[in-house]
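Survey of secondary and tertiary structure
One-letter residues, chain by chain:
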Amino acid sequence: MSTFTDPWERKFYYLRLSITDVCNFRCSYCLPDGYRPTGGNNKSFLTLDEIRRVTRAFAACGTEKIRLTGGEPSLRRDFVEIIETVRQNPEISNIAMTTNGYRMARDVARWRAAGLTSINVSVDSLDANQFHAITGQDKFRQVMDGIDAAFTAGFDKVKVNTVLMRGINHHSLQTFLDWIKHRPIQLRFIELMETGEGRDLFRQHHVSGEVIRERLVAMGWQRRDQERSAGPAQVFFHPDYLGEIGLIMPYEKNFCASCNRLRVSATGKLHLCLFGDGGIVLRDLLQSDSSQQELQERIAHSLLQKKQTHFLHQGNTGITQNLSFIGG
Ligand code: SAM
Ligand code: SF4
């Protein structure tokens, strides 16, 4: 079957696969009250076999990159086996993860040996007290050690996700720039997104990435071209800095035009948009190897419903109560 494509001629090279909803952090914009199980006790997350089948179907239809996310993906006890399972698909040249960094110092070398090719770690503040206040966990040092451990393990670059928040970190650009001056870190400012549970926080703290972009350009930072399976970040470089800055601005006009990713939730539903409605059940087709053809067809057919853009501007966040269940 050919590459997954939607009615707007967008091709999908990139799958974001959530492998758990569970998280041990309580980020103010995501799970301020911590993880609370929903959906009763019967809810179970995709098994290794199900992950093998779903990733095989995507790989057969043009997917080149898979990001493992959550919740906190590294809380899965079989996380190393999950990476090895995804690696069985030779078409997947990039196996990435997004993590809060809690287990990195301990485990990152094993993840790399299993086949992980890139890593994003979330750090919203370089001040240990503020980091604690935002995440509910006093783990700033541990996360910094984790980043060092990633370089030691052989990653030549680490991406850091920083949710941009007015009054919290939007005045800290220089501190972040000093930090990446001699480190091969791509620090990506993500605009705070409105979720069902995060309305008040959004009103209080949302600020456009434009303020950062203007300052970067004034300081001589230049925009870099991106490859086709890359995310939507606008990436900037500067000759005096080893690190780079990325800007992810979902509220900017045309943000959706370059959409190249699909999402599968930890319970095996296909989501066509981070802020879409519902989700298409795939799990019934993940129970045996013989359903591959039908699985690919269901995904391809579902894509016919993909909308041209999200409706965040109208305050319509779809079913997305918070980003922990679908991985951001
Ligand atoms: N637990 C992992 C982590 O925090 O990196 C992976 C899952 S987390 C949902 C993925 C990314 O989404 C993180 O970088 C997080 O900062 C970001 N995120 C969560 N809620 C957000 C929101 N309301 N707006 C913008 N980014 C958000
Ligand atoms: Fe957990 Fe990541 Fe959400 Fe923070 S952003 S609460 S680390 S899932």
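Residues numbered from 1 in each chain as written. Chains lettered and ligands numbered in written order. Predicted model: local features only at pLDDT ≥ 70, side-chain atom pairs only at ≥ 80, totals over all residues. Heavy atoms only, no water.

What counts, and what does not: UniProt positions are given in the numbering used here, feature names are shortened, and annotations may be inferred rather than shown by experiment.
As annotated in an unreviewed UniProt entry, the protein carries the name GTP 3',8-cyclase and comes from Serratia inhibens. Check the Subunit (unreviewed entry) section of the UniProt entry for the protein; it says "Monomer and homodimer."

1. Here we look at the state of the cysteines
How we decide: Note on terminology: disulfide denotes any pair of cysteine sulfur atoms within 2.5 Å. Residue exposure (1.4 Å probe, protein chains only): buried if accessible area is under 20% of the type maximum, exposed if over 50%, otherwise partly exposed.
The tally for this structure, following the rule as stated, stands at 0 disulfides. With no disulfide of its own, C256 lies closest to C273 among cysteine sulfurs, the gap being 6.2 Å. The exposure class assigned to C256 is buried, which follows from its relative accessible area of 11%. With no disulfide of its own, C259 lies closest to C256 among cysteine sulfurs, the gap being 6.6 Å.

2. A look at the site of ligand 1
Filter applied, for reference: In these notes, residues near a molecule or strand are those with any non-hydrogen atom within 4 Å of it. Nitrogen and oxygen atoms within 3.5 Å of one another constitute a polar contact, given that in protein one can donate a hydrogen and the other can accept it, and given that sequence-neighbouring residues count only through two side-chain atoms. Using a 1.4 Å probe, accessible areas were evaluated by the Shrake-Rupley method; residue-level cover was limited to the displayed protein chains.
Around ligand 1, the surrounding shell holds 19 residues, and the nearest of these are G71, T99, S122, N161 and M193. Contacts to ligand 1 include N161, whose side-chain N or O atom sits 3.1 Å from an oxygen atom. Note that a nitrogen atom of ligand 1 is positioned 2.9 Å from one of the backbone N or O atoms of M193. Surface burial for ligand 1 is 95%, taken as the share of its 540 Å² of free accessible area covered by protein chains.

3. Quick word on helix 4 (residues 128-135)
Counted only if it meets this: Put simply, DSSP marks the helices as runs of H or I at least four residues long and the strands as runs of E at least two long, and each gets a number from the N terminus on. The directions from the helix axis to the C-beta atoms are what the arc is built from.
By the burial criterion, the buried members of helix 4 are F131, I134 and T135. Angular distribution of buried residues about the axis of helix 4 spans 80 degrees; they occupy a single face of the element. Residues N129 and A133 are exposed on helix 4 and point more than 90 degrees away from its buried face. The N-terminus of helix 4 is capped by D127, whose side-chain oxygen sits 3.1 Å from the backbone nitrogen of N129. Phi for G136, located one or two positions after helix 4, is positive at around 75 degrees.

4. Details of the sheet that holds strand 8 (residues 234-237)
Strands belonging to one sheet form pairs held by backbone hydrogen bonds; the direction of such a pair is parallel or antiparallel. Quick note on the threshold: At least two bridges found by DSSP between two strands are what make those strands a pair. Residues count as neighbours in contact if any of their non-hydrogen atoms are within 4.5 Å of one another. Between N-to-C directions, angles span 0 to 180 degrees; the directions come from axes that are lines fitted to C-alpha atoms, helices contributing only their stretch in contact.
If you walk across this open sheet you meet the 12 strands as 7-8-9-6-5-4-3-2-1-10-11-12, and the pairing is mixed. Looking along the sheet, the strands with just one partner apiece sit at the ends: strand 7 (222-224) and strand 12 (280-281). Of the strand pairs in this sheet, strand 10 (residues 261-264) and strand 11 (residues 269-271) are connected by 2 bridges, and their pairing is antiparallel. In the sheet register, R263 faces strand 11, and the bridge partner there is H271. Running over the sheet, helix 3 (residues 104-114) touches strand 3 (94-99) and strand 4 (118-122) and is turned about 165 degrees from strand 4.

5. Quick look at the site of ligand 2
Formally: Each residue is assigned to one class: nonpolar for Ala, Val, Leu, Ile, Met, Phe, Trp, Tyr, Cys and Pro, charged for Asp, Glu, Lys and Arg, and polar for all the others, Gly among them.
As a matter of local geometry, ligand 2 sits amid C23, F25, C27, C30, L31, G71 and N100. Split by residue class, the shell around ligand 2 holds 5 nonpolar, 2 polar and no charged.

6. Quick look at the packing of aromatic side chains
In plain terms, the rule: Whether two aromatic rings pair depends on their centres lying within 6.5 Å, for rings of Phe, Tyr and Trp, where Trp uses its six-membered ring; planes under 30 degrees apart make the pair stacked, over 60 edge-to-face, and the rest tilted. Geometrically, a charge over a ring is one whose NZ (Lys) or CZ (Arg) sits within 6 Å of the ring centre while staying within 35 degrees of the ring normal.
On inspection of all chains with the given rule, the structure shows 7 aromatic pairs. In this structure, K65 is placed above the aromatic ring of Y14, and the distance from its NZ or CZ to the ring centre is 4.4 Å.

7. Things to note about the packing of helix 1 (residues 48-60) against helix 2 (residues 79-87)
Selection criterion: In these notes the angle categories are as follows: under 35 degrees is roughly parallel, over 145 is roughly antiparallel, 65 to 115 is roughly perpendicular, and the rest is oblique. The hand of a helix crossing depends on one turn: near helix anticlockwise from the far one by less than a right angle means left-handed, and clockwise means right-handed.
Viewed as axis vectors pointing N to C, helix 1 and helix 2 meet at an angle of 30 degrees, and their least axial separation amounts to 9 Å. As the angle between them shows, helix 1 and helix 2 are arranged roughly parallel. The interaxial crossing formed by helix 1 with helix 2 has right-handed handedness. Contact residues: helix 1 offers L48, I51, R52 and T55, while helix 2 offers E81, I82, T85 and V86. In terms of residue class, the contact of helix 1 with helix 2 is made up of 4 nonpolar, 2 polar and 2 charged.

8. Comments concerning the pattern of salt bridges
The condition is simple: Salt bridges are defined as contacts in which a side-chain nitrogen from Lys or Arg sits within 4 Å of a carboxyl oxygen from Asp or Glu.
Counted according to the given criterion, the structure contains 16 salt bridges. R52 is the partner of D49 in a salt bridge, and the nearest nitrogen-oxygen pair spans 3.2 Å. Taken together, the residues span about one helical turn, with D49 and R52 both in helix 1 at a distance of 3 residues. Note that R141 is salt-bridged to D145, the shortest N-O span being 3.6 Å.

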